[in-house]
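# Coordinate analysis (summary)
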Amino acid sequence: MNDVTPKSELNIRDIARLSGVSRSTVSRVLNHAPNVNEETRQRVLKVIDQHNYRPNVAARSLVTQRSNVLGIYIPYLVDELFTDPYFAVLIQGITRCANENNYDVMLWLQEQDNVGEHLHSRVMDSRMADGLILASTPKYDLLPLTLLERGRTFVMNGRPWHQIETMNYVDSTNRQGAQQAVEHLARLGRRRIGTITGRLELGSGTDRFIGYRQALQRLNLEVDENLIVEGDFTEAGGYAGMRRLLVHKPDAVFVASDHMAMGALRAIREAGMRVPDDVAIVGFDDMPFATLATPPLTTIRQSVLRIGHLATEGLIGLLQGTITPPYQVSLPTQLVIRESCGFPA
């Protein structure tokens, strides 16, 4: 009679029996405890490998108080999320780093409007994730403060709005990036430089707008309110914003994301105008599709993949006690010159 339990029913007691050790020894091996003889460890691991054993995550978390799962909180509608290339790259960076460190990833997403409180309660009440990454949290979202009060470990993607001295976050130098864009356009002789902002309830949207205004003031160029349109980081928002701006005849526009810049380029073409001859364009992000735009898009590069990686690396370090809070990283931006603004002389 076969003494081996079917793989689907194998548990820690079976692993102990087949390895000739106690259940507590198997538990220590599974949890990477240092006080296990190496020969014993290898014997247990061999049995685990032979029988393709996978521990019950829920049961293990009750013992260790750890699930080895990281949560990503994104307070946007699902259809908006999956049409925005920024989040695809960010999640890729987070997931890659998490998997390299033996963590899994789960997403908390919003499926319909006006469910903020319900989404918050799900995040707060759940112990499925050891720590959280909060992606692009708007100013009115008080979840970071609630998490801070309850002692939960989290890292924000983007500059926090509140208690910045104590918050953990990873961000880009958004103001400096916007200044680089405007200064480059001015060097090319452009004087009526407009902007399509991002969402101003987000730190990135506000900081890029502040950088735009600061650059104009430093260059002694007029801040014309007619040349400022609030966008929303979507291609449709960029298209609508550019249609409004063209009435006021800008000779250049800083668009606060590459996604919006694609819509802006389409609006200029439909108006029978040319880029960069009639209107020069600079975007922000340097998404992979920026080189495929017509013409190729001059943009401000931020490493979204790196932001996701560093946010995850920092969160794991905070959870494991190898990093002392606050964990705060600000990544530099870089001007990438292509054809949409005209090449410098």
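Preceding block: the structure.
Residues numbered from 1 in each chain as written. Predicted model: local features only at pLDDT ≥ 70, side-chain atom pairs only at ≥ 80, totals over all residues. Heavy atoms only, no water.

## Focus: the overall build of the chain
If you tally the helices and strands in the chain, you get 13 helices and twelve strands. When burial is assessed residue by residue, the chain has 52% of its 345 residues classed as buried. Taking the intrachain contacts of the chain between residues at least 6 apart in sequence as the baseline, contacts between residues at least 24 apart amount to 69%. In the form shown here, the chain has an accessible surface area of approximately 16,900 Å², with 49% of it arising from carbon and sulfur atoms. (Helix = DSSP H or I, 4+ residues; strand = E, 2+ residues; numbered from the N terminus. Buried < 20%, exposed > 50% of the residue type's maximum accessible area, 1.4 Å probe, protein only. Contact = heavy atoms within 4.5 Å. Areas by Shrake-Rupley, 256 points an atom, 1.4 Å probe, with all protein chains shown as cover.)

## Some details on the packing of helix H1 (residues 12-19) against helix H2 (residues 23-30)
Packing of H1 against H2 leaves a shortest axis separation of 8 Å and a crossing angle of 105 degrees. As the angle between them shows, H1 and H2 are arranged roughly perpendicular. Of the residues in H2, those in contact with Ile 12, Arg 13, Ile 15 and Ala 16 of H1 are Arg 23, Val 26, Ser 27 and Leu 30. A class-by-class count of the residues in the contact of H1 with H2 yields five nonpolar, one polar and two charged. (Axes fitted to C-alpha atoms, helices over the stretch in contact; angles between N-to-C directions. Parallel < 35°, antiparallel > 145°, perpendicular 65-115°, else oblique. Nonpolar A, V, L, I, M, F, W, Y, C, P; charged D, E, K, R; others polar.)

## Regarding the nonpolar core
Counting 53 residues, the largest nonpolar core has Ile 74, Met 242 and Ile 281 as its most contacted members. If you list the elements that add at least two residues to this core, you get strand S1 (69-77), helix H6 (85-100), strand S3 (131-135), helix H11 (235-246), strand S8 (252-255), helix H12 (258-270), helix H13 (304-320) and strand S11 (328-331). Core analysis: the next-biggest nonpolar cluster, separate from the first, contains 19 residues, Val 182, Ile 228, Ala 252 and Phe 254 among them. (Core = buried A, V, L, I, M, F, W, Y, C linked by side-chain atoms within 4.5 Å.)

## Description of the packing of aromatic side chains
Scanning the entire structure with this criterion turns up three aromatic pairs. Measuring from centroid to centroid gives 6.3 Å for Phe 209 and Tyr 212, while their planes differ by 20 degrees, and the two rings are stacked. Of the two residues, Phe 209 and Tyr 212 both sit in helix H10 (residues 203-218), three residues apart, roughly one turn of that helix. In terms of burial, Phe 209 and Tyr 212 fall into one category: buried. In this structure, Arg 208 packs its charged tip against the face of Phe 284, placed 3.8 Å from the ring centre. (Phe/Tyr/Trp six-rings, centres within 6.5 Å; stacked < 30°, edge-to-face > 60°. Lys NZ or Arg CZ within 6 Å of the ring centre and 35° of its normal.)

## A few points about the pattern of salt bridges
Enumeration over the complete set of coordinates arrives at eleven salt bridges. The partner of Asp 207 in a salt bridge is Arg 175, with the nearest N and O atoms 3.0 Å apart. Taken as a pair, Asp 207 in helix H10 and Arg 175 in helix H9 (residues 174-187) lie far apart in primary sequence, 32 residues in all. When salt bridges that share partners are traced, they join Arg 159, Arg 175 and Asp 207 into one network. (Salt bridge = Lys/Arg side-chain N within 4 Å of Asp/Glu carboxyl O.)

## Comments concerning helix H3 (residues 38-50)
Taking 1.5 Å of rise per residue, the 13 residues of H3 would be expected to cover 18 Å, and the 18 Å separating its terminal C-alpha atoms lies within 8% of that figure. Among all positions of H3, only Thr 40, Arg 41, Val 44, Val 47 and Ile 48 are buried. Projected onto a plane normal to the axis of H3, the buried residues spread over an arc of 130 degrees and lie on a single side. In H3, those exposed residues whose orientation departs by more than 90 degrees from the buried face are Glu 39, Lys 46 and Asp 49. If you follow the buried residues of H3, they end up packed against H1 and H2. (Expected span 1.5 Å × (residues − 1). Arc of directions from axis to C-beta.)

## Concerning the side chain of Asp 286
Mapped onto the elements, Asp 286 comes out in the loop between strand S9 (280-285) and strand S10 (298-301). Its relative accessible area of 17% is what places Asp 286 among the buried residues. At 3.0 Å, the side chain of Asp 286 and the side chain of Arg 338 are in polar contact. Dropping the residues within four chain positions of it, Asp 286 is found in contact with Asp 258, Thr 299, Ile 300, Arg 301, Val 336 and Arg 338. (Polar contact = N/O pair within 3.5 Å; in protein donor to acceptor, adjacent residues only side chain to side chain.)

## What about the pairing of S10?
Across four bridges, S9 lies against S10 in parallel orientation. If you follow Asp 285 over to S10, its bridge partner there is Arg 301. Both S10 and strand S12 (residues 334-336) contribute to a ladder of three bridges, which runs antiparallel. Each residue of the ladder has a partner; that of Thr 299, found in S12, is Val 336. (Pairing = 2+ DSSP bridges.)

## Considerations on the pairing of S8
Two faces make up the sheet, and in a regular strand the side chains alternate between them. Burial along S8 is two-sided: the residues Ala 252 and Phe 254 and Val 253 and Val 255 are all buried. Both strand S6 (residues 193-197) and S8 contribute to a ladder of four bridges, which runs parallel. If you follow Ile 193 over to S8, its bridge partner there is Ala 252. Relative to S9, S8 runs parallel, the two being bridged by three bridges. If you follow Val 253 over to S9, its bridge partner there is Ile 281. Between S8 and its parallel partner S9, the chain crosses via H12, and the hand of that crossover is right-handed. (Right-handed = clockwise from strand over helix to strand, strands pointing away.)

## Some remarks on unusual backbone geometry
Cis geometry is found at the peptide bond from Val 275 to Pro 276, where omega equals 5 degrees. Along the chain, the position of Pro 276 falls in the loop between H12 and S9. Thr 294 connects to Pro 295 through a cis peptide bond whose omega is -5 degrees. When you line up the elements, Pro 295 lands in the loop between S9 and S10.

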